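Listed below are the residues making up each chain.
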Amino acid sequence: MWRRAASLSPFISSSGSLIRNHQTAYNFKIWESFTTEIPTQVKGGKGPFICFVLGGPGSGKGTQCAKIVKNYGLTHLSAGELLRREIASNSEYGTTILNTIKEGKIVPSEVTVSLIQKEMESSDSKKFLIDGFPRSEENRAAFERIMGAEPDIVLFFDCPEEEMVNRVLNRNEGRVDDNIDTVRKRLQVFKALNLPVINYYARRGKLYTINAVGTVDEIFEQVRAVFAALKPSLGLDIPGMESEMLWRPAFTSQGDDNFFVSVQALCF
Ligand SMILES: Nc1ncnc2c1ncn2[C@@H]1O[C@H](COP(=O)(O)OP(=O)(O)OP(=O)(O)O)[C@@H](O)[C@H]1O
Ligand SMILES: Nc1ccn([C@@H]2O[C@H](COP(=O)(O)O)[C@@H](O)[C@H]2O)c(=O)n1
Ligand SMILES: [Mg+2]
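In the nomenclature of an unreviewed UniProt entry, the protein is known as UMP-CMP kinase 2 of Citrus sinensis.

What follows is the structure, given as structure tokens:
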């Protein structure tokens, strides 16, 4: 089994010059600054490349993960999908998981991490896209403790609530949590438990915020820019990406009712 205590140097250091305001769906106050330095090596340690994919319910995580898999060959692990599979297999935790999902709450971290661990350890892949995880600080701490690893990068699909609710209610996949009552609860859980984790990764310089409004292809263009920057570490060969721009929150602190995020605009 692979083990690693991830210690990743930041991709880039800021040489911010231009500063302007930018507002996200969750009232992040963002100061965007431009830098001209180019990330060279994202990861230095052993173990697989890990990308966490976060965002509220219906923000488009699964949709974009499918495109990332198709374009860059990462192995997609959806925490929600693993939990639903566990329910379907009538495991000892099945009923508890089902009731938790119906309530829009978070399944105990040990259960979710052990499902992710099983998938990672039985895979030959060296590049994982972990979708819908970590949903809480407890999830995050359990992953670090059990897996001895941290994500290399974190994608955050930032979407207004009204849009997320519309998408979920129109999804039509027969999910037990795709109803207005559960979606409302999931949004509350997202704000209370997941946003702090997102901010944690922003402070660690690992967060890439994607504007999740637009067509699937428009949104994927922003994702493409992130992966273009990772070309050296992923061994990817992506033509036509010489000059792209992406937004990367570099520092966050939480006020009483606002989050403050400073964002580096990476030009490369
Ligand atoms: N950019 C988009 N514009 C319109 N609809 C979209 C877009 N992206 C995804 N959708 C649709 O919105 C619904 C939710 O998308 P998806 O399942 O990818 O979200 P998710 O973030 O994985 O949600 P969850 O956390 O509930 O699993 C799906 O029906 C999907 O087809
Ligand atoms: N880390 C996680 C991920 C998911 N859940 C539960 O599953 C539900 C559906 O998750 P999706 O990612 O498919 O939206 C979610 O609302 C949680 O109830 C979890 O507990 N922990
Ligand atoms: Mg999903």
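Student: I'd like a rundown of the overall build of the protein, residues and numbers included.
Tutor: Across its full length, the protein holds 9 helices and 9 strands. Burial status across the protein gives 50% buried among its 268 residues. Considering only residue pairs separated by 6 or more positions, the protein has 73% of its internal contacts joining residues 24 or more positions apart. Carbon and sulfur atoms form 50% of the exposed surface of the protein, whose accessible area is close to 12,400 Å².

Student: I'd like to hear about the pattern of salt bridges, residue by residue, with values.
Tutor: For the structure shown, the criterion picks out 15 salt bridges. Two residues, Glu 150 and Lys 206, come together in a salt bridge whose shortest N-O distance is 2.9 Å. Here Glu 150 is found in the loop between α5 (137–147) and β6 (153–158), whereas its partner Lys 206 is found in the loop between α7 (180–203) and β7 (207–211), with 56 residues between them in sequence. Look at Lys 206 and you get buried, because its relative accessible area is 5%. Note that Arg 167 is salt-bridged to Glu 163, the shortest N-O span being 2.8 Å. With Arg 167 and Glu 163 both in helix α6 (residues 161–169), this residue pair falls 4 residues apart, about one helical turn. According to the relative accessible area criterion, Glu 163 is partly exposed, its value standing at 29%. One connected set of salt bridges, linked through shared partners, spans Glu 137, Arg 140 and Glu 144.

Student: Before we move on, could you go through the environment of Asp 152 and cite the residues and values that matter?
Tutor: Note on placement: Asp 152 falls in the loop between α5 and β6. Remark: the alpha-carbon pair of Asp 152 and Cys 51, spanning 101 residues in sequence, is separated by 5.9 Å.

Student: Describe the site of ligand 2, listing the residues and the values that go with them.
Tutor: Arg 84, Lys 105, Val 107, Arg 135 and Arg 186 are the nearest of the 16 residues found near ligand 2. Between an oxygen atom of ligand 2 and a side-chain N or O atom of Arg 84, the distance comes to 3.0 Å. Here an oxygen atom of ligand 2 and a backbone polar atom of Lys 105 are 2.6 Å apart.

Student: Any chance you could break down the site of ligand 1 for me, citing the residues and the numbers?
Tutor: Taken together, 16 residues form the shell around ligand 1, and within it Gly 58, Lys 61, Thr 63, Arg 171 and Gly 214 come nearest. Between ligand 1 and Ser 59 there is a distance of 3.3 Å, counted from an oxygen atom to a backbone nitrogen or oxygen. Contact between ligand 1 and Gly 62: an oxygen atom at 3.0 Å from a main-chain N or O atom of the residue. Expressed as a share of its isolated accessible area of 630 Å², the protein-covered part of ligand 1 is 77%. Put simply, the parts of the chain that give the shell around ligand 1 at least two residues each are α1 (61–72) and α8 (216–229).

Rules of the game
Residues numbered from 1 in each chain as written. Chains lettered and ligands numbered in written order. Predicted model: local features only at pLDDT ≥ 70, side-chain atom pairs only at ≥ 80, totals over all residues. Heavy atoms only, no water. Helix = DSSP H or I, 4+ residues; strand = E, 2+ residues; numbered from the N terminus. Buried < 20%, exposed > 50% of the residue type's maximum accessible area, 1.4 Å probe, protein only. Contact = heavy atoms within 4.5 Å. Areas by Shrake-Rupley, 256 points an atom, 1.4 Å probe, with all protein chains shown as cover. Salt bridge = Lys/Arg side-chain N within 4 Å of Asp/Glu carboxyl O. Near = heavy atom within 4 Å. Polar contact = N/O pair within 3.5 Å; in protein donor to acceptor, adjacent residues only side chain to side chain.

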